[in-house]
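Residues per chain, in single letters:
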Amino acid sequence: MNIPKSIGQNVVIDETVQLGENVTIGNNVILYAGVSIGNDVVIQDNVVIGKQPARAKNSILPETGTLPPTVIGSGCTIGTSAVIYANAQISDNVFIADMATIRERVSIGDGTIVGRGVAVENDCKVGIRCKLETNCYITAYSELGNFVFMAPCVVTTNDNYMARSKERYSKFKGVTIKDGGRVGANTTIMPGIVIEEDGTVGAGSVVTKNVESGKLYIGVPAKVYKDVPEDQLLKNQ
């Protein structure tokens, strides 16, 4: 393990942690067993990396035992009080802002920004150069492609039964947002919805049906309003 570039007070680093070169560690940081940190990473105060998930007694999630360690790529910044669970895979140059939570079995692609207070629940995949803005919520079992934009306070869902009926156990389904998909502030996306490439949803909408490629949807429930302007399509950026 390399010696950190700088290290704060009250830091706990398990002896099996692997640190790259030029790593900066703030105060009150905890790095759990097996965590791997790349080069030129900044870890700010009160960050927890590699935490094993705790399971409520009445949880529907299966017992998983001890999960593999967390991997953080090079050039990342982990903001104050962020928590990254075990078996998360964070690629290079990812920015994770203050108070964000990244759950177990999540992968996040190169150059993505995870905003303040964002929660990415278990078993999600986030592509490269996405932007998840302040306080948006990515529900479990969701998949976001590349260059996806999620405005502040977007909510995604995966349970049409709202925690009633055992039938729901086999029907949890997160959302899928394909490359270039964009979602406006305070939008709610219902379980299993697919937003196709360059599909766009206006602020404050409730998405109950799949969003077509290159179309702008608005309203409650969201309906087609018009085509996405040609100059805003991903291919023209």
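As shown above, the structure is provided for reference.
Residues numbered from 1 in each chain as written. Predicted model: local features only at pLDDT ≥ 70, side-chain atom pairs only at ≥ 80, totals over all residues. Heavy atoms only, no water.

So, the sheet that holds strand S12 (residues 89-90)
And step 1. Taking strand neighbours across the sheet as the criterion, the 9 strands line up as S3-S6-S9-S12-S15-S18-S21-S24-S27 in an open arrangement whose pairing is parallel. Because the sheet does not close on itself, it has two edges, and the strands there are strand S3 (18-19) and strand S27 (194-195).
And step 2. Both S3 and strand S6 (residues 36-37) contribute to a ladder of 2 bridges, which runs parallel. Along S6, the bridge assignment pairs Gln 18 with Ser 36. (Pairing = 2+ DSSP bridges. Helix = DSSP H or I, 4+ residues; strand = E, 2+ residues; numbered from the N terminus.)

Structural notes on the environment of Thr 208
And step 1. Here Thr 208 is to be found in the loop between strand S29 (206-207) and strand S30 (215-218).
And step 2. Linking Thr 208 and Gly 34, residues 174 residues apart in sequence, is a C-alpha distance of 42 Å.

Focus on the layout of surface pockets
And step 1. Its boundaries defined by the atoms lining it, the second largest pocket holds a volume of some 170 Å³.
And step 2. Around the second largest pocket, the lining is made up of 13 residues, and of these Phe 147, Phe 149, Gly 180, Arg 182 and Leu 234 lie nearest the centre.
And step 3. Classifying every residue of the lining of the second largest pocket gives 6 nonpolar, 3 polar and 4 charged. (1 Å grid on protein atoms, 1.4 Å probe; cavity = no way out; pocket = protein on both sides within 12 Å on 5 of 7 lines; lining within 4 Å. Points joined across faces, edges and corners; volume = space filled by probe spheres on them. Nonpolar A, V, L, I, M, F, W, Y, C, P; charged D, E, K, R; others polar.)

A look at the packing of aromatic side chains
And step 1. With the rule as written, the count across this model stands at 0 aromatic pairs.
And step 2. The ring of Tyr 85 is capped by Arg 103, whose NZ or CZ atom sits 4.7 Å from the centre of that ring. (Phe/Tyr/Trp six-rings, centres within 6.5 Å; stacked < 30°, edge-to-face > 60°. Lys NZ or Arg CZ within 6 Å of the ring centre and 35° of its normal.)

Observations concerning the pairing of strand S31 (residues 223-227)
And step 1. Across 4 bridges, the pairing between S30 and S31 is antiparallel. Within the sheet, the bridge partner assigned to Tyr 217 lies in S31 and is Val 224.
And step 2. Remark: 4 residues form the turn of the hairpin made by S30 and S31, two consecutive strands paired antiparallel; Gly 219 in that turn has positive phi of roughly 110°.

Some words on the pattern of salt bridges
And step 1. All told, the structure shown has 7 salt bridges when counted by the stated rule.
And step 2. Between Lys 215 and Asp 227 there is a salt bridge whose closest N-O contact spans 2.5 Å. Of this pair, Lys 215 sits in strand S30 while Asp 227 sits in strand S31, placing them 12 residues apart in sequence.
And step 3. By relative accessible area, which is 24% here, Lys 215 ends up partly exposed.
And step 4. With a closest N to O distance of 3.6 Å, Glu 230 and Lys 235 form a salt bridge.
And step 5. The exposure class of Lys 235 is exposed, given its relative accessible area of 64%.
And step 6. Within this structure, Arg 103, Glu 104 and Glu 121 form a network of salt bridges that share partners. (Salt bridge = Lys/Arg side-chain N within 4 Å of Asp/Glu carboxyl O. Buried < 20%, exposed > 50% of the residue type's maximum accessible area, 1.4 Å probe, protein only.)

Observations regarding the sheet that holds S31
And step 1. Read from one edge to the other, the open sheet built from 12 strands follows the order S1-S4-S7-S10-S13-S16-S19-S22-S25-S28-S30-S31, with strand pairing classed as mixed. At either margin of the open sheet sits one strand with a lone partner, and together these are strand S1 (6-7) and S31.
And step 2. Note: strand S25 (residues 182-183) against strand S28 (residues 200-201), 2 bridges, orientation parallel. Counterpart to Arg 182 in the pairing with S28 is Thr 200.

With respect to the pairing of S30
And step 1. When S28 meets S30, the two strands line up parallel, connected through 2 bridges. Within S30, the position partnered with Val 201 by the bridge is Tyr 217.

Here we look at unusual backbone geometry
And step 1. Cis geometry is adopted by the peptide bond preceding Pro 221, which originates at Val 220 and carries an omega value of -5°.
And step 2. Note that Pro 221 resides in the loop between S30 and S31.
And step 3. A positive phi angle, close to 60°, is found at Asn 10, a residue other than glycine.
And step 4. Tracing the backbone shows Asn 10 in the loop between S1 and strand S2 (12-13).

Function-wise, these values are silent; they only describe arrangement.
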